Amino acid sequence: MLLTINHLYKSFNREKVQAVYDTSLQLEAGKTYAFLGESGSGKTTLARLIAGLERPDRGEIYLNERLISSESYHLPAEKRAIGFVFQHYALFPHLTIAKNIEYGISARPDKRKVVEDMLSLISLEGYGKRYPHEISGGQQQRIALARALAPKPRLILLDEPFSNLDSNLRQELRTEVFTILQKTGVGAIFITHNSEDAMAISDEIAVFKDGRLVQKATPEELYEHPVSPYVAGFFDTLIEMPPSLLSSFGYQVNQHKLYLIRNHDFHFNGFKEFSTDATVISSSRVGRNYLIDVKVGEHVLQVSSEEKPDQSEISISWRERDLLVFPKPDQPV
Ligand code: ADP
Ligand code: MG
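Report follows, based on the coordinates.

So, how was this worked out
Residues numbered from 1 in each chain as written. Chains lettered and ligands numbered in written order. Predicted model: local features only at pLDDT ≥ 70, side-chain atom pairs only at ≥ 80, totals over all residues. Heavy atoms only, no water. Core = buried A, V, L, I, M, F, W, Y, C linked by side-chain atoms within 4.5 Å. Buried < 20%, exposed > 50% of the residue type's maximum accessible area, 1.4 Å probe, protein only. Helix = DSSP H or I, 4+ residues; strand = E, 2+ residues; numbered from the N terminus. Contact = heavy atoms within 4.5 Å. Pairing = 2+ DSSP bridges. Axes fitted to C-alpha atoms, helices over the stretch in contact; angles between N-to-C directions. Near = heavy atom within 4 Å. Polar contact = N/O pair within 3.5 Å; in protein donor to acceptor, adjacent residues only side chain to side chain. Areas by Shrake-Rupley, 256 points an atom, 1.4 Å probe, with all protein chains shown as cover. Nonpolar A, V, L, I, M, F, W, Y, C, P; charged D, E, K, R; others polar.

## A word on the nonpolar core
Then comes step 1: Ile 101, Ile 143, Leu 145, Leu 149, Ile 156, Leu 158 and Leu 181 are the most contacted members of the largest nonpolar core, which totals 34 residues.
Then comes step 2: At the level of secondary structure, the elements contributing two or more residues to this core comprise α2 (97-101), α3 (111-121), α4 (137-149), β7 (155-159), α5 (167-184) and β8 (187-192).
Then comes step 3: The element best represented in this core is α4, accounting for 6 residues.
Then comes step 4: Not counting chain neighbours up to four residues away, the residues in contact with Ile 101 comprise Val 115, Met 118, Leu 119, Ile 143, Ala 146, Arg 147 and Ala 150.
Then comes step 5: Judged by nonpolar contacts, the second largest core, of 26 residues, contains Ala 47, Leu 75, Ala 206 and Phe 208.

See below:
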């Protein structure tokens, strides 16, 4: 196992904030993972604990079966062979790109060769003499990655590496970074609040909420079998289906369950399983799809669909396999 985390805890402000709470996790070598969670869910704190920039209150972390963190033991960050790329790429502005890349390996005799190899890995050969302000944001992020990879880490942590970039550049850089990491074979953890990033680049996704790990699974498993509305909500807009609404579709409701349907899993006219009459109130085009407000009894549902119905009185339906069923939470969410 590349990384093993056992019942890890970390709090701040005299235990008022439980940033990481009873987290256990095992990560295999050679795989790419994503830590996905809303802001404040403890992703960065967990990454800092793994990197050795924080010490845990309780619990242990092992790298390649060797203890690196516990309540009483702390292997210093620089001895862990774990690379870290931060949210803000934070290159040294007064150093050339070559000097930035060799920052962590400046004592090594072969550092010039390593810098050349790194520049070639990130397809920026010949850029060594330039300064950070002379290159684009995407290129700066690739340099930050090269700097973290230069000491040949066993694991690399990337904390929201794309969050400063706009959508097109983000996708492009995401693919580039993924390809670079695949070439090196280094284990990687991408930290993100963006489910699309997580799905695009990782073999497995660990989802966090309030410092707790809520689910760890492949992107397919997470999408098909989310353990909670929180997890499902990362991937789609969900519509809650209260009992009275489900009954109007002819569905037998269990009062102890919470029911949700993804907003694109409704069908208009001519589809069977669970269906009822509905009235189209309004529609608007949002990119590829329409968002359509549909009235069913006293409920209004905002459904996403590739097509817009051409009459206002329609039938609307869904399939049982698209109904997401969870235990009802004790408190309203
Ligand atoms: P994320 O990266 O998922 O946004 P963080 O790990 O940054 O989450 O934060 C988790 C919780 O811990 C938040 O409530 C945050 O305010 C708190 N926190 C993080 N670092 C500190 C710190 N150094 N001092 C006090 N509270 C902190
Ligand atoms: Mg963070």
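## Here's the deal with the sheet that holds strand β9 (residues 204-209)
Then comes step 1: Strand order across the open sheet formed by 6 strands is β6-β7-β8-β3-β9-β10, with mixed pairing between neighbours. Looking at strand neighbours, the two that pair on one side only are β6 (82-85) and β10 (212-217), the edges of this open sheet. Each strand of the sheet is rotated relative to its neighbour by a mean of 20 degrees, with strand direction disregarded.
Then comes step 2: Of the strand pairs in this sheet, strand β3 (residues 32-37) and β9 are connected by 5 bridges, and their pairing is parallel. What sits directly across from Ala 34, in β9, is Ile 205.

## Quick notes on the site of ligand 1
Then comes step 1: Close contacts around ligand 1 come from Phe 12, Val 17, Ala 19, Glu 38, Ser 39, Gly 40, Ser 41, Gly 42, Lys 43, Thr 44 and Thr 45, and that covers them all.
Then comes step 2: Thr 45 is positioned such that a nitrogen or oxygen atom in its side chain is 2.6 Å from an oxygen atom of ligand 1.
Then comes step 3: Compared with its free state, where it exposes 560 Å², ligand 1 has 61% of that area covered by protein.
Then comes step 4: Counting only elements with at least two residues in the shell around ligand 1, the list comes to β2 (17-27) and α1 (43-51).
Then comes step 5: Per element, the largest residue contribution to the shell around ligand 1 is 3 residues, and it comes from α1.
Then comes step 6: Grouping the amino acids of the shell around ligand 1 by side-chain chemistry returns 3 nonpolar, 6 polar and 2 charged.

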